[in-house]
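Chain and residue survey
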Amino acid sequence: MSDIVHLNNLTVTYERHPAVHHISGGFAAGSLTAIAGPNGAGKSTLLKAIVGELRPAEGSIDRGVLTRNDFGYLPQAADIVRRFPISVADTVMLGVWKNAGAFGRFSREDGERAREALSIVGLSGFENRHIGALSAGQFQRVLFARLLLQDARVILLDEPFTAIDQRTTRDLLDLVLQWNQQGRTVIAVLHDFEQVRSYFPETLLIARELVGWGKTQDIMSPANLIKARAMAERWDEEAETCLPEEQHDEDGLAKREPAE
Ligand code: ADP
Ligand code: MG
């Protein structure tokens, strides 16, 4: 099997409420995949499960020989705190934390590599700037510089271009395509369908459950997009994860305690 990451009937829940439900399929090694779906579809939850931040409630994720360090993960902007009093260079070097010595010191070489990564993302001279003093686009460039340093085999990006200026989006999208050309597996949550169709050969469309996973031109069909939206409209926020087979009635509906 040439899948680098494989999902087996994956369900991820928050206090028993499923956010990702019965997803099966694989990301081929070296593939470039967009994850699309309505708000609340479980896209961020899925990425967190793949990198190991959330555990499956049911099913499993097969990562083969990969370890945590093989995954480079860029969370959604809302999840990143920018108030730490930390410089641009230190933020980038956190990407090589795993290589830092026993006392967590950065070497001169780490500093050099951070400077090089910052120059690739167009931020030469910003090394000592406080990260709180950057624009959204500049901060996203810093986080991409950090990913560059991490040198991960699998890169997961959660809405990397949301609220980012056009020029930065273009520059960073170029980097994403380069990473893929280098043979890395890239998975990105995106809401810009234009971008998905133009640059991402594979798409995973979810609405908690899988709507489709395969070639972008097949998956991003009007019918599938309508289906995803219809599924989102039917979500019951209080629904619990489905019960095992034996607890179902003959008509297939889960047994419920009668209301008091
Ligand atoms: P998406 O990224 O597709 O917008 P999310 O994965 O963020 O969707 O969320 C999927 C569902 O899980 C939503 O209903 C959301 O409210 C819920 N959810 C997300 N994070 C948490 C959390 N930390 N605790 C409880 N529920 C959550
Ligand atoms: Mg999200």
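With an unreviewed UniProt entry as reference, the chain is termed Zinc/manganese transport system ATP-binding protein, source organism Rhizobium hainanense. In the Sequence similarities (unreviewed entry) part of its UniProt record, the chain is described as follows: "Belongs to the ABC transporter superfamily."

The subject of this paragraph is the sheet that holds strand β1 (residues 3-14). Strand pairs in the sheet, formed through backbone hydrogen bonds, run parallel or antiparallel to each other. One open sheet accounts for three strands, arranged β2-β1-β4; its pairing is antiparallel. Looking along the sheet, the strands with just one partner apiece sit at the ends: β2 (17-28) and β4 (58-62). Direction aside, the axes of adjacent strands within the sheet are offset by 15° on average. Alignment of β1 against β4, held across four bridges, turns out to be antiparallel. By the bridge assignment for β4, Leu-7 is matched with Ile-61. Here helix α1 (residues 43-50) sits on the sheet in contact with β1, β2 and β4, set at roughly 120° to β1.

In the vicinity of ligand 1, the residues found are Tyr-14, Ala-19, Pro-38, Asn-39, Gly-40, Ala-41, Gly-42, Lys-43, Ser-44, Thr-45, Arg-208 and Glu-237. One nitrogen or oxygen atom from the side chain of Lys-43 is found 2.8 Å from an oxygen atom belonging to ligand 1. The fraction of the free accessible surface of ligand 1 (560 Å²) that becomes covered by protein chains is 58%. Residue composition of the shell around ligand 1, by class: four nonpolar, five polar and three charged.

To continue, consider the packing of helix α3 (residues 108-120) against helix α4 (residues 136-150). Running from amino to carboxyl end, α3 crosses α4 at an angle of 130°, the nearest separation of the two axes being 9 Å. The orientation of α3 relative to α4 falls into the category oblique. Read as a crossing pair, α3 and α4 show a hand that is right-handed. Residues Arg-113, Ala-114, Ala-117, Leu-118 and Ile-120 of α3 form the contact with α4, whose participating residues are Ala-145, Leu-148 and Leu-149. For the contact of α3 with α4, the per-class residue count stands at seven nonpolar, no polar and one charged.

Moving on, we come to the side chain of Thr-45. Considering the arrangement of structural elements, one finds Thr-45 in helix α1. What makes Thr-45 buried here is its relative accessible area of 8%. A distance of 2.8 Å separates polar atoms of two side chains, one belonging to Thr-45 and the other to Tyr-14. Ignoring any residue separated from it by four or fewer positions in sequence, one finds Thr-45 in contact with Val-12, Tyr-14, Ala-19, Val-20 and Leu-54.

A separate point is the nonpolar core. Ranked by size, the top nonpolar core spans 46 residues in total, and within it Phe-144, Leu-157, Val-176 and Phe-200 carry the most contacts. Of the residues forming this core, the biggest block, seven residues, is contributed by α4. Contacts of Val-176, omitting those with residues within four sequence positions, involve Leu-32, Phe-144, Leu-157, Phe-161, Val-186 and Phe-200. Formed by 25 residues, the second largest nonpolar core is a distinct cluster that contains Ile-4, Ile-50, Val-189 and Ile-206.

Attention now moves to unusual backbone geometry. For Arg-16, which is not glycine, the phi dihedral falls at a positive 75°. Along the chain, Arg-16 falls in the loop between β1 and β2. Exposure remark for Arg-16: the relative accessible area of 41% places this residue in the partly exposed category.

What follows concerns α3. Over its 13 residues, α3 extends 19 Å from the first C-alpha to the last, a length consistent with the 18 Å expected when each residue adds 1.5 Å. Buried residues along α3 sit in contact with α2 (88-93) and α4. After α3 finishes, the residue Gly-122 shows a positive phi value of roughly 80°.

Before going further, it helps to spend a moment on the packing of aromatic side chains. Counted under the stated rule, the structure contains three aromatic pairs. With centroids separated by 5.5 Å and ring planes inclined at 10°, the aromatic side chains of Phe-144 and Trp-179 adopt a geometry described as stacked. Of this pair, Phe-144 sits in helix α4 while Trp-179 sits in helix α5 (residues 166-181), placing them 35 residues apart in sequence. Considered together, Phe-144 and Trp-179 belong to a single accessibility category, that of buried residues. Aromatic rings pair up to connect Phe-144, Phe-161 and Trp-179 into one cluster. Here Arg-208 stacks its cationic end above the ring of Trp-235, 4.1 Å away from the centre of that ring.

What counts, and where the lines are drawn
Residues numbered from 1 in each chain as written. Chains lettered and ligands numbered in written order. Predicted model: local features only at pLDDT ≥ 70, side-chain atom pairs only at ≥ 80, totals over all residues. Heavy atoms only, no water. UniProt positions renumbered as here; feature names shortened; annotations may be inferred. Pairing = 2+ DSSP bridges. Helix = DSSP H or I, 4+ residues; strand = E, 2+ residues; numbered from the N terminus. Axes fitted to C-alpha atoms, helices over the stretch in contact; angles between N-to-C directions. Contact = heavy atoms within 4.5 Å. Near = heavy atom within 4 Å. Polar contact = N/O pair within 3.5 Å; in protein donor to acceptor, adjacent residues only side chain to side chain. Areas by Shrake-Rupley, 256 points an atom, 1.4 Å probe, with all protein chains shown as cover. Nonpolar A, V, L, I, M, F, W, Y, C, P; charged D, E, K, R; others polar. Parallel < 35°, antiparallel > 145°, perpendicular 65-115°, else oblique. Left-handed = near helix turned anticlockwise from the far one by under 90°. Buried < 20%, exposed > 50% of the residue type's maximum accessible area, 1.4 Å probe, protein only. Core = buried A, V, L, I, M, F, W, Y, C linked by side-chain atoms within 4.5 Å. Expected span 1.5 Å × (residues − 1). Phe/Tyr/Trp six-rings, centres within 6.5 Å; stacked < 30°, edge-to-face > 60°. Lys NZ or Arg CZ within 6 Å of the ring centre and 35° of its normal.

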